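The residues making up each chain are set out below.
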Amino acid sequence: MNILVFAPHPDDEVLGCGGMIAKYSSKGHAVTVCIVTSGQAPVYDSSIAKSHGWPHNLYPEIVKSHKILGVAKTVFYELPAANLESIPRYVFNNKVLELVKEVRPDIVYIPHFGDMQKDHRLTSEAVMVAMRPRGEHIVKTVYSYETLSETEWNIPHTSNMFFPNVFMDISEYFEKKIEAIGCYKSQLSDFPAPRSFEAVTALAKLRGSTCGTIYAEAFSLIREYS
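Description of the structure in this document.

Conventions used here
- Residues numbered from 1 in each chain as written.
- Predicted model: local features only at pLDDT ≥ 70, side-chain atom pairs only at ≥ 80, totals over all residues.
- Heavy atoms only, no water.
- Disulfide = S-S within 2.5 Å.
- Buried < 20%, exposed > 50% of the residue type's maximum accessible area, 1.4 Å probe, protein only.
- Pairing = 2+ DSSP bridges.
- Helix = DSSP H or I, 4+ residues; strand = E, 2+ residues; numbered from the N terminus.
- Axes fitted to C-alpha atoms, helices over the stretch in contact; angles between N-to-C directions.
- Salt bridge = Lys/Arg side-chain N within 4 Å of Asp/Glu carboxyl O.
- Phe/Tyr/Trp six-rings, centres within 6.5 Å; stacked < 30°, edge-to-face > 60°.
- Contact = heavy atoms within 4.5 Å.

## Description of the state of the cysteines
Alright, step 1. Inspection of every chain in the model, using the stated rule, returns zero disulfides.
Alright, step 2. No disulfide involves Cys 183; its sulfur sits 16 Å from that of Cys 17, the nearest cysteine.
Alright, step 3. Taking the relative accessible area as the measure of exposure, Cys 183 reaches 8% and is therefore buried.
Alright, step 4. Cys 211 takes part in no disulfide bond, and the closest cysteine sulfur, belonging to Cys 17, lies 16 Å away.

In structure tokens:
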């Protein structure tokens, strides 16, 4: 089975579905992660030496984290972080379509549409264009994932709320998720920051208690064909 995960920024994929990635990859399934954006001027310092658009201190964190989780392939789009709206929609949409044609995923994971960071919303919109049931390859299942500091911090409104209706037991793989998150030293902060070991653990326990396991990840089922 082929799984494709879209992450607007590095570490979104681990926060949202690191346990799922570790679980599927350990069972022999191929997981591809697409990092959509990169650090570009004027938001980021253009003088810093970079690899795939990210500073050299962050790029090794991505590689190490994905190795721990067993990611089969990492794709870098190198679109401008925190400025994704500057890219024409057709350009972004076409890049997603081409990757879907290449990977031919059975399952696709996308960021929650209602996240506070606009890059997340634009990514989910672009991917859903590619998810239309037509063409040579139709993706059977699409889920959205939650991202700490983005999903829970937006304006409280029904259009923004994350409604989980699918839960995956990641108890056996939670330590790998924590280890993978620990690779992103440049992105972590001390608790009560949401991107901390304690917050990640608390959310996994909350989702686990919802479905009767120790640790779980929660997703919203967007579409499924059977």
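Still more to cover.
## Description of the sheet that holds strand E8 (residues 166-169)
Alright, step 1. On the basis of which strands lie adjacent, the open sheet formed by seven strands has the order E5-E2-E1-E6-E7-E9-E8 and mixed pairing. The outermost strands of the open sheet, each flanked by one partner alone, are strand E5 (73-80) and E8. Strand after strand, the sheet turns through a mean of 25 degrees between neighbouring axes, direction not considered.
Alright, step 2. Here E8 runs beside strand E9 (residues 216-224); their pairing, made up of four bridges, is antiparallel. Following the sheet pairing, Phe 167 is matched in E9 by Ala 218.

## Here we look at the pattern of salt bridges
Alright, step 1. Scanning all chains against the criterion turns up eight salt bridges.
Alright, step 2. Put simply, Arg 195 and Asp 11 hold a salt bridge, and the shortest N to O gap is 2.7 Å. A residue pair is termed long-range when its members are at least 10 positions apart, and Arg 195 in the loop between helix H5 (174-182) and helix H6 (197-211) and Asp 11 in the loop between strand E1 (2-7) and helix H1 (12-26) qualify at 184 residues.
Alright, step 3. According to the relative accessible area criterion, Asp 11 is buried, its value standing at 5%.
Alright, step 4. Ionic pairing is found between Arg 195 and Glu 150, a salt bridge with its closest N-O pair at 4.0 Å. Remark: Glu 150 occurs in the loop between strand E7 (141-145) and E8 and Arg 195 occurs in the loop between H5 and H6; sequence separation between them is 45 residues.

## A few points about the pairing of E9
Alright, step 1. In this sheet, E9 lies alongside E7 in antiparallel orientation, the contact comprising five bridges. Pairing of Tyr 145 across the sheet is with Phe 219, part of E9.

## Observations regarding the packing of aromatic side chains
Alright, step 1. Applying the stated criterion across every chain, the model contains five aromatic pairs.
Alright, step 2. Between Tyr 109 and Phe 219, the ring centres sit 5.1 Å apart and the planes meet at 65 degrees, which makes this aromatic pair edge-to-face. Pair noted here: Tyr 109 is in strand E6 (residues 107-111) and Phe 219 is in strand E9, with a separation of 110 residues, a long-range link. The pair formed by Tyr 109 and Phe 219 is uniform in burial state, with each residue classed as buried.
Alright, step 3. With centroids separated by 3.9 Å and ring planes inclined at 10 degrees, the aromatic side chains of Phe 174 and Tyr 215 adopt a geometry described as stacked. Of this pair, Phe 174 sits in helix H5 while Tyr 215 is found in the loop between H6 and E9, placing the two residues 41 residues apart along the sequence.
Alright, step 4. Of the aromatic side chains, those joined through ring pairs into one cluster are Tyr 109, Tyr 143 and Phe 219.

## Thoughts on the environment of Glu 152
Alright, step 1. Secondary-structure assignment places Glu 152 in the loop between E7 and E8.
Alright, step 2. The exposure class of Glu 152 is partly exposed, given its relative accessible area of 39%.
Alright, step 3. Leave out the neighbours within four places in its chain, and Glu 152 touches Thr 147 and Pro 194.

## Quick look at unusual backbone geometry
Alright, step 1. With an omega of 5 degrees, the peptide bond running from Ala 41 to Pro 42 counts as cis.
Alright, step 2. Mapped onto the elements of the fold, Pro 42 is located in the loop between strand E2 (30-38) and strand E3 (50-51).
Alright, step 3. Cis geometry is adopted by the peptide bond preceding Pro 192, which originates at Phe 191 and carries an omega value of 20 degrees.
Alright, step 4. With respect to the helices, strands and loops of the structure, Pro 192 is situated in the loop between H5 and H6.
Alright, step 5. For Glu 78, which is not a glycine, the phi torsion comes out positive at approximately 60 degrees.
Alright, step 6. Located in the positive-phi region is Arg 104, a residue other than glycine, with phi close to 50 degrees.

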